[in-house]
Structure formats: C-alpha cells, structure tokens
Amino acid sequence: MRKIMGVLIVIIVILGGYSYFVNRKVSLAKEREEKERIAQIAAEKLEQEQVKQAEAIKQVREKKVIEEYKLVALSSLKDPSSAVFRNIKIAESPRTIESAAITYEICGEVNAKNGFGGYVGFRGFVVTSSGLTAPTTYMQEDKIVGIYYEIVEKRIGCI
C-alpha cells in the first residue's frame, strides 16, 4: 500500500509539475502575443503620425507655391491690384529627365480690370514650371498657348 501511495504521490507531483510548465508556456506565449500586439499598435500609430506630419508639410509647401505662382499670374494682368482668384487647384508637375526636383502646376480662374478699368470676367489660367525655368503663366484665351493651357488644365483637373 505504501508503494502504491508513493507511486501516486510521484505521479501527482509529475503531473503537477507538467501542468505548471504547460501553463507557464501558455502564459509566456500569451505575454509574447500581447507584446507583439502592443508593438504593432505602436508602429501603426507612429506611421499614422508620420503620414499626418508629411501631409501637413505638403499642405504648407503647396500653400506657399500657390501664393508664389499667384504673383507670377499677376504679372500678366493689366491691373494686378484688382485681381480676384477662385477655384485654385495644385498638382505636382510630371517629372522630366532634366529635372528630378518636385515642381508644381496650379490652375484656376482670375478676374481683373482691363485697360479701360472694367472687370473682364473670370478667365482660366495655369502657372507651371519645369524646375529649370521660372514659372510661366498661360491664360485660357491666349491663342498660341491655349492648347498648352487645356492640356495642363485637364491634367490637374480644373475642368
């Protein structure tokens, strides 16, 4: 009887130890999974923050470009101080072999006074740059550059 009791105690101890190690292994696996999940969430939050920061920087840069290009558009008007802009859109210019730098194109509408002092009505305009040259303004009604205006306008989406 003592032998049987001794064997039973040994079996209980072995099973108890085995159960402890199995539970410990499961517990460690769960802890590892939880740490991986927390690390994944932290990485996603960091990525989202970086995307937000990049978007904010892009918006500031684009706003600056729009203001700069508006000044270029003003130089082609008879009375720049009377200009009113609307429906301004901006897009990155297609990159060329000559210029790997990011350049922009803007399009929109401008209304300004003519040489007689009256407003002419809103007209489409595009300002673009190759990155190698100063920005250039193309007005919708210009006969020679009207085709280029239409190409850029469609690419940016002003139509």
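Above this text you will find the structure in question.
Since the model is a prediction, treat every value here as computed from it, not as a measurement.

S.K.: Would you mind going over the packing of aromatic side chains with me for this structure?
M.R.: Aromatic rings considered in pairs are described by the distance between their centres and by the relative angle of their planes. Taken as a whole and assessed by the stated rule, the structure comprises one aromatic pair. Relative to Phe 125, the ring of Phe 85 lies with its centre 5.5 Å away and its plane at 70°, an arrangement referred to as edge-to-face. Residue Phe 85 is found in strand β1 (residues 79–92), and its partner Phe 125 is found in strand β3 (residues 123–128); the two are separated by 40 residues along the sequence. We classify Phe 85 as partly exposed; its relative accessible area is 21%. Taking the ring centre of Phe 122 as reference, the NZ or CZ of Arg 86 above it sits at 3.8 Å.

S.K.: What am I meant to see in the nonpolar core here?
M.R.: Taken as a class, soluble globular proteins show a tendency for nonpolar side chains to be buried jointly. Ranked by internal contacts, the top residues of the largest apolar core, which has 14 residues, are Tyr 69, Leu 77, Ile 106, Val 110, Phe 125, Val 127 and Met 139. Sorting the residues of this core by element identifies α1 (2–74), β2 (104–113) and β3 as the ones contributing at least two each. Looking at which element gives the most residues to this core, the answer is α1, with six residues. The contact partners of Ile 106, leaving out residues within four places of it in the chain, are Ile 66, Tyr 69, Lys 70, Lys 89, Ile 90, Phe 125, Val 126, Val 127 and Ile 156.

S.K.: Explain the pattern of salt bridges here, please?
M.R.: Pairing is possible between side chains of opposite charge, provided their charged atoms come close. In total, this model carries four salt bridges according to the counting rule given. A salt bridge links Glu 34 to Arg 37, with the nearest nitrogen and oxygen atoms 2.8 Å apart. In this pair, Glu 34 and Arg 37 are both assigned in helix α1, three residues apart and thus about one turn of the helix distant. Classification of Glu 34 as partly exposed rests on a relative accessible area of 36%. Looking at Arg 37, the relative accessible area reads 44%, which means it is partly exposed. Across the salt bridge formed by Lys 70 and Glu 67, the nearest N and O atoms sit 3.7 Å from each other.

S.K.: Mind showing me how you'd approach the side chain of Thr 128 here?
M.R.: Inspection of the secondary structure assignment puts Thr 128 in strand β3. Taking the relative accessible area as the measure of exposure, Thr 128 reaches 6% and is therefore buried. For Thr 128, the side chain forms a polar contact with the side chain of Glu 105, separated by 3.2 Å.

About the thresholds
Residues numbered from 1 in each chain as written. Predicted model: local features only at pLDDT ≥ 70, side-chain atom pairs only at ≥ 80, totals over all residues. Heavy atoms only, no water. Phe/Tyr/Trp six-rings, centres within 6.5 Å; stacked < 30°, edge-to-face > 60°. Helix = DSSP H or I, 4+ residues; strand = E, 2+ residues; numbered from the N terminus. Buried < 20%, exposed > 50% of the residue type's maximum accessible area, 1.4 Å probe, protein only. Lys NZ or Arg CZ within 6 Å of the ring centre and 35° of its normal. Core = buried A, V, L, I, M, F, W, Y, C linked by side-chain atoms within 4.5 Å. Contact = heavy atoms within 4.5 Å. Salt bridge = Lys/Arg side-chain N within 4 Å of Asp/Glu carboxyl O. Polar contact = N/O pair within 3.5 Å; in protein donor to acceptor, adjacent residues only side chain to side chain.

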